[in-house]
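Reading the structure
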Amino acid sequence: MSGIQKLLAEAPEDKYLLEMAASYYLDEGNLNKAREFIDRLKKSAAPDDPSVLTLDGGYWVQKKDWKKAEVAFAKLNQIRPEDAEVHRAYAEILIEQRKWKYSRELYQWLFNKRKYRRDDKWNYHRAVDLGAPQFGSRFVYYHRPQGQRDYVIEQKGCFWVAPWLRLGAGLSEEYYKLPEIGEEEAIKRFLMSNSFDATFFYSAMTSFQARWKSTYYKNRDHQELDFVGRTGKGMWRSELEYKLNETPRDPIAAIEKEGTRDTLRTVQRLLIFDRLELGDEINLEWYRVRGVDDQINFGADHLGHKFANDAFVSLTLLKSQPYVAINYRYRQAHWDQKFPGADLVIGYLPDEMVHSGGVYAEYRIGSFWELNASVTRGSDHKRRVDFLIWNFQTEIWVRDYCKVSGTFEYDYGDSGTSGPGNTQIMSCSATFYFL
């Protein structure tokens with residue numbers, strides 16, 4: 001760079017030198033200096049100069065200003081309609097703009113022209129997963145302590161009615177079983193649920209989702225509402241969610257006594273240098289139960305509220321193959337019970353102070369197969385419990401219109417409300433896309 005600067009001192013308007021300087025600073029991530037040289041180029045170059053458009057588009061990509069990046073690469077795509085690199089960059093920008101249909105078309109052009117790379121298949125499948133109408137089915141099995149066994153089957157479909165509106169509908173069947181323990185009677189409950197949701201996209205970073213869910217069990221319908229708002233700018237991401245009248249599945253006693261829960265949740269994230277993520281999650285929950293099922297304080301239906309705060313940090317060590325990150329989380333929670341013995345009505349965790357840390361990795365095999373794995377070690381000082389959680393996941397695109405996946409999780413030493421012991425969770429799913 002020092003050599004370029006000396007030459008620029010003698011020829012400050014030299015187009016080639018300005019391009020080299022701007023490209024250098026973009027590669028170094030020095031966006032302020034890159035902007036300076038790009039602006040100098042714009043004063044002397046033609047408005048649609050391909051080199052200037054490439055640098056300008058690259059600058060806005062690094063700034064994550066997808067609208068301005070799209071303007072630059074849309075022009076480039078018209079000027080260089082056979083340039084594979086332009087198609088590739090333009091397609092990725094369109095994904096960020098939720099213009100998945102047009103992004104898929106650009107990737108399809110790369111495949112037809114045989115100018116694609118291995119990552120292009122993954123990005124194409126990402127566009128399909130986000131933007132194509134789809135239908136999926138999933139089965140989950142929980143093997144919990146004390147003989148508790150849970151089975152869940154879910155089906156869900158969604159489609160786009162407009163670029164800014166996605167609608168979805170789901171159906172689930174759930175079976176929860178706990179054998180007789182001491183004087184406690186056995187629990188066997190079958191639940192059926194159906195749901196409808198709508199997601200409104202205001203911009204690339206801002207969306208709002210509303211969902212209605214009806215759960216039927218014990219000859220009663222339980223109506224639930226869920227609202228989620230997401231937004232962000234630059235390095236910052238934010239999420240706010242409110243759930244009303246939710247039917248908790250954990251602990252199993254909540255199902256037996258028709259417990260309900262309202263939840264207010266907020267998450268703030270800050271991503272620094274695309275490697276370091278700092279965040280904080282706050283949950284405020286209100287617990288209720290039918291008064292006739294309150295054996296401790298008969299007739300009382302409010303069980304109090306719980307406040308939980310999770311602070312977390314994640315550092316990406318490797319961004320290419322394999323992707324590797326380490327993380328740490330600290331959680332504090334306290335249940336402010338409405339009356340003594342409320343935890344005997346439904347056994348939520350009263351107090352928590354959890355330190356946990358782990359490693360996450362993912363690896364892609366070829367163009368269709370991805371493996372994910374994580375291990376987390378933690379300790380809850382309030383409950384005096386140490387735990388180790390292993391998680392494995394595989395995802396395979398068997399066709400461009402079909403994806404199958406499977407997960408296995410083993411929780412050693414911490415089963416929360418299920419009592420002491422180990423838990424295994426297994427799931428498999430298949431999703432079909434209508435292209």
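The following paragraphs examine the structure supplied in this document. (Residues numbered from 1 in each chain as written. Predicted model: local features only at pLDDT ≥ 70, side-chain atom pairs only at ≥ 80, totals over all residues. Heavy atoms only, no water.)

**Things to note about the pairing of strand 3 (residues 165-178)**
- Of the strand pairs in this sheet, strand 2 (residues 149-162) and strand 3 are connected by 13 bridges, and their pairing is antiparallel. Directly across from C158, in strand 3, lies its bridge partner G168.
- With antiparallel pairing between neighbouring strands as the criterion, strand 2 and strand 3 make up a hairpin whose turn holds 2 residues.
- Where strand 3 lies against strand 4 (residues 187-201), 14 bridges are found, and the strand directions are antiparallel. Counted as the bridge partner of S172 is S193 from strand 4. (Pairing = 2+ DSSP bridges. Helix = DSSP H or I, 4+ residues; strand = E, 2+ residues; numbered from the N terminus.)

**Topic: the pattern of salt bridges**
- Counted according to the given criterion, the structure contains 38 salt bridges.
- A salt bridge links R230 to E239, with the nearest nitrogen and oxygen atoms 3.4 Å apart.
- Using a relative accessible area of 34% as the deciding quantity, one classes R230 as partly exposed.
- A salt bridge links D310 to R329; the shortest N-O distance between them is 3.4 Å. In this pair, D310 sits in strand 10 (residues 302-318) while R329 sits in strand 11 (residues 323-337), placing the two residues 19 residues apart along the sequence. (Salt bridge = Lys/Arg side-chain N within 4 Å of Asp/Glu carboxyl O. Buried < 20%, exposed > 50% of the residue type's maximum accessible area, 1.4 Å probe, protein only.)

**Details of a nonpolar patch on the surface**
- A contiguous nonpolar surface patch, about 1100 Å² in accessible area, is contributed by W164, F196, F200, F208, W212, L225, F227, L240, Y242, L244, L264 and W286.
- A total of 3 residues in the nonpolar patch trace back to one element, the largest contributor, which is strand 7 (residues 236-246). (Patch = residues over 30% accessible without salt bridge, like charges linked within 9 Å, V, L, I, M, F, W, Y side chains within 5 Å. Areas by Shrake-Rupley, 256 points an atom, 1.4 Å probe, with all protein chains shown as cover.)

**A short note on the nonpolar core**
- Counting residues in hydrophobic clusters, the biggest one holds 42 residues, and the most contacted among them are L26, F37, L55, Y59, F73, Y107 and V128.
- If you list the elements that add at least two residues to this core, you get helix 2 (15-28), helix 3 (31-44), helix 4 (50-63), helix 5 (66-79), helix 6 (84-96), helix 7 (100-112) and helix 8 (118-131).
- The contacts of Y59, once residues within four sequence positions are left out, are L26, L31, R35 and I38.
- Grouped together as the second largest cluster of nonpolar side chains are 11 residues, A254, V289, A300 and A342 included. (Core = buried A, V, L, I, M, F, W, Y, C linked by side-chain atoms within 4.5 Å. Contact = heavy atoms within 4.5 Å.)

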